[in-house]
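Summary of structural features
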Amino acid sequence: MERKSRIGLGILFAFVFTVTGCAGNAGKDVVYGQAEEVIMQGVEGLENVMSFDVDEDGCIYAGMTTQNGDVCVQTLCIADDTGSRTCYTLDEVSTPRNITFYEENIYYTVPEWLETGERQVLKRFCPERGMQETIHVFEQCSDIKKMEVMGNSLYILGTDPADIDFSTGSGDGYYDSGEILLRFDLQTGAEETVMDQDVLNFSITPAGNLMIYGHDEGGFYFSTGSGQKENFGEKQYQNLGMIDTLCACADDQYIYSSLSNHRNSTGASMGGYGKEGIIDFLEDMEFLYGDVRLRGDRLYFVDNRTDSEKKGTVLCAYIERILLSDLNRAIRLVSAEWLAETPDSQGFSMEQTALSYDSFALTVLSQDAGYDLCILNSRQEFAASIRDKGAFYPLNEIDGVTEYIESCFPFVQQAAVNENGDIWMLPVDIKINTLVYNENQCKLFSEDFAEISLEEFLYVVQKARAQEDAAYGIGAAYYTELLLSDYLMQYEKFDSEEFRGLAKLIKEEIFGCENAFSDSNAMNRIKMTGNEKAYGNVMFSIVADPSEHEVYSNVDGMRIMRVPMFTEDAESIVTCTFLCVNPSSENLNLTLEYISRLAKSMLAEEENLLLSDAGIYEESVYYADLKKVCSKGVVRFSYENELFLTDFYAYIEGRISLEEFIAEADRKIAAYLNE
Amino acid sequence: MKGRKKQMGWNAKCMLCLLPSLAGTAVFYVMPYLRVLYYSMISDQFSRRFVGFDHYIEVLGNTYFRLALINSLLMILFCVPTLILLALGISLMLSFGSRGITRMKTAFVLPMVIPTACIALIWRNLFSGIESVMPLYLLFIWKNTGICVILLTAAFSTIDKSIFEAAWIEGASGIKLHCSITIPMILPAIFFSVLLTIVNSFKVFKEAYLYYGTNYPPDYSYTLQYYMNNNFLKLDYQKLSVAAVLTSFVVLWIVVGGLRVQRRFRQ
């Protein structure tokens with residue numbers, strides 16, 4: 001009996017062990033979307049194109065506004081692929097939109113004021129006869145977003161701004177924009193409503209079907225059909241948000257872009273029913289908008305790159321082959337508490353989740369395969385633990401990463417590589433604490449303001465406080481944290497004469513001087529107005545954010561120096577935001593591909609402050625100063641603030657004495673370091 | 001032969017009935033424990049290099065682990081006997097005392113239902129300025145006496161009244177009656193209360209954390225839970241696992257020791 005019980009228990013254990021044993025990480029191999037070969041060329045003579053269409057032979061029909069002296073002239077231009085160009089002047093007040101070519105005629109829409117109000121009018125232009133004529137007036141909509149031809153019908157996506165209803169919004173970002181999908185039969189002149197609600201966009205597929213993107217109670221969806229209301233196929237739910245541009249590559253594949261969706265912040269993305277991908281060649285496109293046409297292996301779109309010499313030209317990209325991955329999920333990014341910095345998506349779909357500290361620790365330690373990347377910054381207490389406990393996927397072998405790291409400042413390289421030589425994180429942003437000062441104004445305090453000591457600087461702040469209209473920004477709490485961090489970089493404990501001096505200085509000179517160490521009233525007024533020119537009145541301010549540097553760099557006479565610290569010739573403390581790859585991620589291949597693209601993209605970015613030879617540092621004296629400060633930076637991975645900061649403020653407020661603080665803080669730090 | 005078959009059939013039925021409970025115990029207790037044991041013997045979850053007892057040596061040699069262990073054991077040494085004696089006294093009063101006292105039954109149970117956060121706040125105000133571990137001990141005793149009172153009172157109620165009558169007839173009364181008859185009869189309940197209190201003493205982290213408001217309380221209050229929690233937050237799963245395993249050995253040693261004492265006492 002006992003023997004049988006033991007056998008029974010043994011079988012039970014074996015069963016349970018097998019079922020609940022460590023599961024391996026079955027990663028998927030991913031084939032991601034990429035263009036095999038890309039050639040982009042502009043079409044000569046087409047500028048400021050507002051709308052265009054392309055026929056099967058590659059001939060472009062574009063609507064433009066051209067200048068004839070002081071007069072704006074609405075023009076239709078036909079440019080074929082031999083480079084030959086013919087332009088026709090239209091007798092129109094507004095620029096022709098929704099250009100569509102069909103059977104030797106060019107159809108377009110223009111707004112006109114009629115008896116019933118402003119309406120969109122469909123017109124036809126015949127190049128052979130050089131004549132334009134009105135075909136139809138759309139009574140149901142006052143604006144037309146899109147028009148394409150299928151068979152002998154025009155499909156029109158119209159909207160009436162008066163019908164926009166934000167109250168119908170759902171949690172996924174949808175709101176009723178009042179869109180309506182119409183069909184206009186070019187032979188009979190009959191107008192028919194295909195869909196009068198929930199339709200957001202559409203595109204005609206190469207096979208001659210109608211792909212729509214809409215929203216219902218189930219969320220955003222795609223559906224493809226013959227164009228008749230009752231002939232749409234099964235709805236494919238896919239949340240792309242409120243997309244702005246849609247171009248069907250096949251009955252179940254598409255190219256899209258969306259400004260309102262965080263999924264792609266640049267260029268465009270590709271997708272398919274149940275699939276997702278990215279488009280390589282549109283990486284440097286700010287945004288794909290307006291008309292997009294796919295003809296065979298060529299994609300036509302308008303060049304909207306700010307720096308492009310031919311902004312507004314129609315570009316043509318040749319795509320040899322487009323592959324889509326069998327992937328149905330986004331890259332999942334987790335952070336310990338919400339971080340304002342989010343990395344560029346590079347056209348990938350990204351989902352970010354903010355977790356509490358405890359949940360984050362649990363997620364990492366349990367090797368949860370449910371996240372792909374974690375984003376942290378060096379001020380968070382986990383940051384160094386991720387490195388020290390090996391909770392990362394080494395990025396040394398990932399294409400572009402080593403090159404990127406080696407191009408960064410030495411302090412970034414030092415932070416990104418652990419003692420074993422592994423690149424454990426990809427730095428995406430730095431905030432380096434600097435003191436921005438107005439050279440002319442600060443000369444009144446000291447001839448060599450850039451070399452000012454801490455005591456002198458505190459005195460300067462107090463003097464500035466006495467001036468009613470002085471604009472400066474030095475936060476007491478933030479400055480105190482910097483000073484304490486600076487101290488802890490040199491010393492392991494607070495029990496020292498140096499610290500006692502520093503603590504007394506902070507208590508008496510920073511917190512003792514009422515309201516001196518905060519944004520002055522004048523500074524607050526400048527920030528509230530948002531007038532960038534007003535920043536020229538700022539005397540000095542602690543600045544770390546790159547976006548603030550951008551503002552100050554446009555102001556004459558502003559310089560940068562390191563923040564006056566306790567230690568002479570101290571290194572500037574840098575907060576680094578970085579990405580770590582989860583080694584147990586289900587989407588490891590896709591995630592590593594994203595990391596590779598991000599690294600290459602950041603390497604090519606001239607305004608990337610992490611790069612020691614970034615072009616931005618050559619732009620001005622201001623950025624040259626910043627480079628000098630950056631070259632003496634250090635990424636400091638923080639202790640918990642709780643270890644000493646709360647007690648320090650208790651000392652500042654007089655609730656405990658300095659000796660009590662020192663004893664308590666040193667005890668906690670010793671426990672933290674040695675437990 | 002027939003009898004043996006019958007016995008086997010009965011045993012099989014018993015096993016079948018026990019199976020769900022065993023499965024649950026295996027899945028939610030045994031398997032996680034084995035996994036923790038495994039984690040305590042590898043370098044980290046990511047590279048999983050087997051290191052044997054290196055972590056154990058490191059943790060046992062760590063000053064703070066030893067401090068935490070000593071503090072936890074001191075808590076048991078001081079709080080458990082005090083709590084049991086107090087609970088015993090209260091239970092005796094409730095079971096054999098006047099009606100007025102028995103009406104106060106609810107008051108002794110109340111500490112169990114008051115939210116810990118409220119208690120911690122009151123305690124901080126009551127004992128502010130006292131630099132000692134006594135507030136924590138008092139909090140623990142105050143909060144956990146109620147459950148022991150319930151258990152012991154229930155145990156008293158199971159004693160046959162005729163035994164007391166016989167003892168009275170024989171001339172026993174008062175303290176002698178309770179020491180010779182009452183307490184020995186409820187010894188299993190006392191033993192169970194002792195075990196429960198010991199286990200609860202290892203769970204006092206919430207109260208301590210709320211009372212001290214920090215992950216690094218004064219050294220005299222730094223217990224094993226703090227050590228484990230802080231290592232968890234530092235993502236040091238190995239030290240956490242080792243501390244958990246060692247704690248389980250300590251508890252097991254105490255329980256086994258207690259069972260042996262109880263067995264000897266019964267004999």
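Along every chain, residues carry numbers that run from 1 in the direction the sequence is written. Going through the entries in the order they are written, you letter the chains from A and number the ligands from 1. This being a predicted model, a pLDDT of at least 70 is required before a residue's local features are given, and a value of 80 or more before pairs of side-chain atoms are given or counted; all residues contribute to the totals for chains, interfaces and linings. For the side-chain quantities, the full set of heavy atoms in the structure was used; hydrogens and water were omitted.

Two rings from Phe, Tyr or Trp (for Trp, the six-membered ring) form a pair when their centres sit within 6.5 Å of each other. Planes less than 30 degrees apart are called stacked, planes more than 60 degrees apart edge-to-face, and all others tilted. Summed over the entire model, instances satisfying the criterion amount to 46 aromatic pairs over all chains. Between Trp424(A) and Phe637(A) the ring centres are 5.9 Å apart and the planes differ by 50°, which places this aromatic pair in the tilted class. Here Trp424(A) is found in the loop between helix 5 (410-416) and strand 28 (426-432), whereas its partner Phe637(A) is found in the loop between strand 34 (633-635) and helix 14 (645-652), with 213 residues between them in sequence. The residues Trp424(A) and Phe637(A) share a single accessibility class, namely buried. Ring plane angle 35° and centroid distance 5.2 Å describe the contact between Trp123(B) and Trp142(B), whose orientation is recorded as tilted. Taken together, the positions of Trp123(B) in helix 6 (residues 116-126) and Trp142(B) in helix 7 (residues 134-157) put the pair 19 residues apart, joining distant regions of the chain. Helix and strand definitions follow DSSP, with helices as H or I runs of at least four residues and strands as E runs of at least two, each counted in order from the N terminus. For each residue, the accessible area found with a 1.4 Å probe, counting protein chains only, is set against the maximum for its type, and the residue is called buried under 20%, exposed over 50%, and partly exposed in between.

All names here are of chain A. The predictor attaches a confidence to each residue, called pLDDT, with possible values from 0 through 100. Looking at chain A as a whole, its pLDDT mean stands at 80, while 80% of the residues score no less than 70. Here helix 1 (residues 2-20) stands out as the element of chain A with the lowest mean pLDDT, 51, in contrast to helix 4 (residues 401-407), whose mean of 95 is the highest. Below a pLDDT of 50 lies the segment residues 14-40, which in the model reaches 61 contacts outside its immediate sequence neighbourhood of four places, other chains included. Scored below 50 in pLDDT, residues 320-328 shows 34 contacts in the model against residues more than four places distant or in partner chains. In what follows, residue pairs with any heavy atoms lying within 4.5 Å of each other are defined as contacts.

Moving on to the interface of chain B and chain A. On the chain A side, the residues contacting the 35 residues of chain B number 32 residues. A quick way to say it: buried area is the sum, across both parts, of accessible area lost when two parts are put together, with a 1.4 Å probe. In total, about 3,200 Å² of surface goes out of reach between chain B and chain A, with carbon and sulfur atoms giving 65% of it. The salt bridge definition used is simple: a Lys or Arg side-chain nitrogen within 4 Å of an Asp or Glu carboxyl oxygen. Viewed at the interface, chain A and chain B are joined by three salt bridges. Lys389(A) is the salt-bridge partner of Asp236(B), the closest N and O atoms lying 3.2 Å from each other. Pairs of N or O atoms within 3.5 Å make up the polar contacts considered here, provided that, within protein, one atom can donate a hydrogen while the other can accept it, and that residues adjacent in sequence are counted only when both atoms are side-chain atoms. At the boundary of chain B with chain A, the tally comes to 12 residue pairs in polar contact (both at pLDDT 80 or more).

Residue and element names in this part refer to chain A. At least two bridges found by DSSP between two strands are what make those strands a pair. Strand order in the open sheet formed by four strands is 14-15-16-17, and the pairing between neighbours is antiparallel. Edge positions in the sheet fall to strand 14 (199-204) and strand 17 (236-237), since each has one partner strand and no second. Where strand 16 (residues 219-225) lies against strand 17, two bridges are found, and the strand directions are antiparallel. Following the sheet pairing, Phe 222 is matched in strand 17 by Gln 236.

Positioned with a positive phi, Glu104(A) is a non-glycine residue whose angle comes to about 65°. As for its placement among the helices and strands, Glu104(A) is situated in the loop between strand 6 (97-102) and strand 7 (105-114). Its identity as a non-glycine residue notwithstanding, Leu235(B) has a phi of 65°, on the positive side.

Our next topic: helix 10 (residues 187-201) of chain B. Expected helix span is taken as 1.5 Å per residue step, with the number of steps being one fewer than the number of residues. In a regular helix each residue adds 1.5 Å, so 15 residues correspond to 21 Å; helix 10 of chain B covers 21 Å between its end C-alpha atoms and thus fits that length. Those residues of helix 10 of chain B lying buried are Ala189(B), Ile190(B), Phe191(B), Ser193(B), Leu195(B), Thr197(B), Ile198(B), Asn200(B) and Ser201(B).

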